[in-house]
Amino acid sequence: MVGLAGCNLPGAIGGGITFTPTTDVQIIDQTVEATGEVTTMPNANVPIPVSLIQIEGVPYNAYQIPGDPFRFVCQVPCPLDLQYIYAEYAGFRVAHARLIELTGIDTLTELQPVDMHLVFEDSICADYPYGHAYIYAHVHQAFTCTDGPGYYPTLEEKIQMATRLDGQYFPLHEYMHTIFFGRISGNAGNFQDYKVEFFHNLVVPIPPYAIGILDPAGFCSYRDPLAPGDCGGWLISELCTQNGFQLKDLALSLIELDKLYQSDRGQISTEGYAHPIPGVAQYRDILNRLLGSDTTNAFAASCWPPGFFGNSFSSPSACIDNSTTGTATPVK
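None of these values were measured; they are calculated from a predicted model.

A. A look at the packing of aromatic side chains. Overall, the coordinates contain 21 aromatic pairs when judged by the stated rule. Centroid distance Phe-72 to Phe-92: 6.0 Å. Interplanar angle 65°. Geometry classified as edge-to-face. Taken together, the positions of Phe-72 in strand β8 (residues 70-75) and Phe-92 in helix α1 (residues 82-103) put the pair 20 residues apart, joining distant regions of the chain. Of the two residues examined, Phe-72 and Phe-92, each falls in the buried class. Plain terms: the ring middles of Tyr-209 and Phe-219 are 5.5 Å apart, the flat faces sit at 65° to each other, and that makes the pair edge-to-face. On the criterion of sequence distance, the pair formed by Tyr-209 in helix α5 (residues 207-210) and Phe-219 in the loop between α5 and α6 (235-243) is long-range, its members being 10 residues apart. Residue classification places Tyr-209 among the buried positions, given a relative accessible area of 8%.

B. Representation of helix α7 (residues 247-262) in the model. Along its 16 residues, α7 runs 24 Å from first to last C-alpha, staying within 8% of the 22 Å computed at 1.5 Å per residue. All of the buried residues in α7 are Leu-247, Asp-249, Leu-250, Ala-251, Ser-253, Leu-254, Leu-257, Asp-258, Leu-260 and Tyr-261. Remark: Asp-264 follows α7 within two positions and exhibits a positive phi of approximately 65°.

C. Just the pattern of salt bridges, in detail. Under the definition given, this model contains 9 salt bridges. We note a salt bridge from Asp-68 to Arg-93, for which the minimum N-O separation is 2.8 Å. Of this pair, Asp-68 sits in the loop between β7 (58-63) and β8 while Arg-93 sits in helix α1, and the two are 25 residues apart along the sequence. The same class applies to Asp-68 as to Arg-93, namely buried. Put simply, Glu-256 and Lys-259 hold a salt bridge, and the shortest N to O gap is 3.3 Å.

D. Region of the structure containing the nonpolar core. If you look at the biggest cluster of nonpolar residues, it comprises 91 residues, and the most contacted ones within it are Phe-199, Leu-202, Ile-206, Tyr-283 and Trp-304. Counting residues per element, this core draws most heavily on α1, at 10 residues. Those residues in contact with Trp-304 that lie beyond four places of it in its chain are Val-196, Phe-199, Asn-201, Cys-231, Leu-235, Val-280, Phe-299, Phe-309, Phe-313 and Ser-315.

E. Here's a closer look at the state of the cysteines. Tallied over the full model, the rule gives 4 disulfides. The disulfide partner of Cys-74 is Cys-78, and the gap between their sulfur atoms is 2.0 Å. Residues Cys-74 and Cys-78 share a disulfide whose torsion about the S-S bond is about 95°; that sign makes it right-handed. The exposure class assigned to Cys-78 is partly exposed, which follows from its relative accessible area of 23%. Here Cys-125 is linked by a disulfide to Cys-145, with a sulfur-sulfur distance of 2.0 Å. Judged by the sign of its S-S torsion, about -85°, the cystine formed by Cys-125 and Cys-145 is left-handed. Of the two residues, Cys-125 sits in the loop between β9 (114-117) and β10 (132-135) while Cys-145 sits in strand β11 (residues 142-145), which places them 20 residues apart along the sequence. Neither residue differs from the other here; Cys-125 and Cys-145 are each classed as buried.

Cut-offs and rules
Residues numbered from 1 in each chain as written. Predicted model: local features only at pLDDT ≥ 70, side-chain atom pairs only at ≥ 80, totals over all residues. Heavy atoms only, no water. Phe/Tyr/Trp six-rings, centres within 6.5 Å; stacked < 30°, edge-to-face > 60°. Helix = DSSP H or I, 4+ residues; strand = E, 2+ residues; numbered from the N terminus. Buried < 20%, exposed > 50% of the residue type's maximum accessible area, 1.4 Å probe, protein only. Expected span 1.5 Å × (residues − 1). Salt bridge = Lys/Arg side-chain N within 4 Å of Asp/Glu carboxyl O. Core = buried A, V, L, I, M, F, W, Y, C linked by side-chain atoms within 4.5 Å. Contact = heavy atoms within 4.5 Å. Disulfide = S-S within 2.5 Å.

Here you go:
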């Protein structure tokens, strides 16, 4: 994995989706008992089990309910209020469950637990002090950097937003990046464009459906005013219009993408991963089979570089020139 995903989206969601809190959303924490059963708790301020860990030689507190594929980490001495950590954990846990319902898959087990950093100034996030997701340099594990629900003037307001489902866009957006790590490659023969490994075409527009600020019924009729894709286009909109793609097809396609990786049928061998990583054209082929039509034109219209598809088409004139080899520059 090369490059870095940076998602600097203060005040807006998905570029054109303005974040305006409306009514309170009741969040209930779910704690896993020793029996493995799930018990609902009446509030979000339930203490989370904590352990002391080392990340690149630096001590951190790690908060994790047993069995969760993520943990919240805070460098020692932790500057965050415990009630905020508990509230954010509870709010994110509900949002995460809803996201996985939509995607059908979670982050690769080999990259878990996903470390979720909540302080931009800590030893991991400080080099890029804005929202982003990546893989640690020292260990095969994914991490994210966010400041939870974002900036709020008082701690009380931030805790309140952390307990709300509609306050989870930024953590969920960054977490969703990790679902694609190891499942989509920015390589295709001699062509490279690592931006697509962060899959903003899906990572920008999907979380709003998970947190309830967009109605799933309008999945194909809604189109971000700003193009969410790394290449400057609207892949979901084009797939809907040209090939009949629907929200339910997202999970079906990603489950097949995971099967491709797990069965060693990906095309790009990448150091550190257990299996070869699927290429963009392989995901296109999954969509072709699922939708019963050729989706190449949808990728072309949403400005995906033709180098991923054997240069079988020319980019539309409205697209940014993608004819040259991509570079590993931050995506902001």
